[in-house]
Amino acid sequence: MNNIYETLFNDQKTKAEAFDKIAENFYFANFGSMSKTDFETLMFSIYIEKILEKSVNEPDTFSDYTLSKYLGITQQKINNLKIRKELKYPRKEFNWKQAFLAGLSNAVLEKNKIKVFIDDPNIAIEVKHAIEINGGFTDSSFNPKICVISPADFIDLICILCEKSEVYEIKNKILDKLNKNTQSVEFLQDRPFGKQLKDKGIDFGIDLLGDLLSEIPLGGKSISKACTDLINLLRDKGNLQKFKFANNIN
């Protein structure tokens, strides 16, 4: 752990590039104008970008816990720095949709809701915004790293994750599965779909969501692969609920 700096900045060229970024904020008639908060954000940006360059597919290397150990500050401060960094120095390769899909394999079910652990606060912000802009709601009051999503809101989120050209087909498949008239699907295109189904009194539970996800086109291989474990989890939960109902078990 003590050698992390030498690992990340292991040649003179890399160190010079980092210094140049710092110098831009001091040696161009602006010496001392940078606040402590902005300076820390810049230093953190330089640092985490080098980590991501080397290990973007290894989330543990840039988790709040790991970075707090590396830098000797609290996990809460790391969390705040990640948010400030993305606002001031956004990462070009940042793709919250792919990152969220990668985390679906760790989803759990509780009280007819899907709970997804999201360690990166910037991904959590994007997911929350995507759901709320469609009139949905996420609950992270108990733990800001856990996103709780209803089945109806999850369908709307899937439509956002897919390509726009595929949303029409997805909604048609859902209506077919629900044995509903598909003539009105065009009317539904620009409106939150899951929320409308819920508002119309359609019982949109975990077991139904599992069936739907297994049949609708999921916007390419990345989404299909990410949802495989979730589909199995949903089906298992649905079968368990049916077993309890049939056997009058609470």
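Note that the coordinates shown come from a computational prediction; the quantities given were computed from them, not determined experimentally.

### Regarding the overall build of the protein
Scanning the protein for helices and strands turns up 13 helices and three strands. Looking at the protein residue by residue over its 250 residues, the buried ones come to 42%. Put simply, of all contacts in the protein between residues at least 6 apart along the chain, 59% involve residues at least 24 apart. Carbon and sulfur atoms form 51% of the exposed surface of the protein, whose accessible area is close to 15000 Å².

### Digging into the sheet that holds strand β3 (residues 146–149)
The sheet built from three strands is open, its strands ordered β1-β2-β3 with antiparallel pairing. Since the sheet does not close on itself, it has two edges, and those belong to β1 (108–110) and β3, each with one partner. Between one strand axis and the next, the sheet turns by 30 degrees as a mean value, whatever way the strands run. Sheet topology places β1 next to strand β2 (residues 113–117); three bridges connect them, and they run antiparallel. The partner of Glu 110 across the bridge, within β2, is Lys 113.

### Concerning helix α4 (residues 64–71)
Residues separated by three or four positions in an α-helix point in the same direction, a consequence of the helix having 3.6 residues per turn. By the burial criterion, the buried members of α4 are Asp 64, Thr 66, Leu 67 and Ser 68. Residues of α4 that are buried make contact with α3 (36–55) and α5 (75–88). Note on α4: the residue one or two positions beyond its end, Gly 72, has a positive phi of about 70 degrees.

### Remarks on the pairing of β2
What sits between the antiparallel neighbours β1 and β2 is a turn of two residues, in which Lys 111 has the positive phi angle 55 degrees. For β2 and β3, the ladder comprises four bridges, and the chain directions are antiparallel. Of the residues in β3, the one forming a bridge with Lys 115 is Val 148.

### Details of the environment of Ala 18
Assignment of secondary structure puts Ala 18 in helix α2 (residues 12–23). Residue classification places Ala 18 among the buried positions, given a relative accessible area of 11%. Between the C-alpha atoms of Ala 18 and Leu 42, which are 24 residues apart in sequence, the distance is 9.9 Å. Each residue touching Ala 18, except ones within four places of it in the same chain, is listed here: Phe 9 and Ile 46.

### Considerations on the packing of helix α7 (residues 121–132) against helix α8 (residues 151–161)
For the pair α7 and α8, interaxial distance at closest approach is 9 Å and the crossing angle is 110 degrees. With respect to α8, the element α7 is oriented roughly perpendicular. Of the residues in α8, those in contact with Val 127, Ala 130 and Ile 131 of α7 are Asp 153, Leu 157 and Ile 160.

### Some words on the nonpolar core
Phe 100, Ile 118, Val 127, Phe 154 and Leu 157 are the most contacted members of the largest nonpolar core, which totals 29 residues. Of all the secondary-structure elements, those providing two or more residues to this core are α6 (96–102), β2, α7, β3, α8 and α9 (164–177). It is α8 that provides the largest number of residues to this core, a total of six residues. When sequence neighbours within four positions are dropped, the list of residues in contact with Leu 157 reads Trp 96, Phe 100, Val 127, Ala 130, Ile 131 and Ile 149. Ile 4, Phe 62, Ile 78 and Leu 81 belong to the second largest nonpolar core, which has 18 residues in total.

### Concerning the packing of aromatic side chains
Counted by the stated rule, this structure contains four aromatic pairs. Centroid distance Phe 26 to Phe 39: 5.8 Å. Interplanar angle 90 degrees. Geometry classified as edge-to-face. With Phe 26 in the loop between α2 and α3 and Phe 39 in helix α3, this pair connects stretches of sequence that are 13 residues apart. For Phe 39, a relative accessible area of 29% gives the class partly exposed. The structure contains a cluster of three or more aromatic residues connected by ring pairs, namely Phe 26, Tyr 27, Phe 31 and Phe 39.

### Some points on the environment of Ser 105
Here Ser 105 shows up in the loop between α6 and β1. Here Ser 105 falls in the partly exposed class, since its relative accessible area comes to 39%. Each C-alpha atom, one on Ser 105 and one on Phe 117, is 9.9 Å from the other, the two residues being 12 residues apart in sequence.

### Some remarks on the confidence of the model for the protein
Predicted coordinates in areas of low pLDDT are best not read in detail. On average, residues of the protein score 79 in pLDDT, and 72% of them reach the 70 mark or higher. Confidence, read as mean pLDDT per element, is least for helix α10 (residues 185–188) in the protein (50) and greatest for α5 (97). Scored below 50 in pLDDT, residues 238–250 shows seven contacts in the model against residues more than four places distant or in partner chains.

### Considering the side chain of Thr 14
Within the fold, Thr 14 resides in helix α2. Ignoring any residue separated from it by four or fewer positions in sequence, one finds Thr 14 in contact with Leu 8, Phe 9 and Lys 50.

The rules behind the values
Residues numbered from 1 in each chain as written. Predicted model: local features only at pLDDT ≥ 70, side-chain atom pairs only at ≥ 80, totals over all residues. Heavy atoms only, no water. Helix = DSSP H or I, 4+ residues; strand = E, 2+ residues; numbered from the N terminus. Buried < 20%, exposed > 50% of the residue type's maximum accessible area, 1.4 Å probe, protein only. Contact = heavy atoms within 4.5 Å. Areas by Shrake-Rupley, 256 points an atom, 1.4 Å probe, with all protein chains shown as cover. Pairing = 2+ DSSP bridges. Axes fitted to C-alpha atoms, helices over the stretch in contact; angles between N-to-C directions. Parallel < 35°, antiparallel > 145°, perpendicular 65-115°, else oblique. Core = buried A, V, L, I, M, F, W, Y, C linked by side-chain atoms within 4.5 Å. Phe/Tyr/Trp six-rings, centres within 6.5 Å; stacked < 30°, edge-to-face > 60°. pLDDT = per-residue confidence, 0-100.

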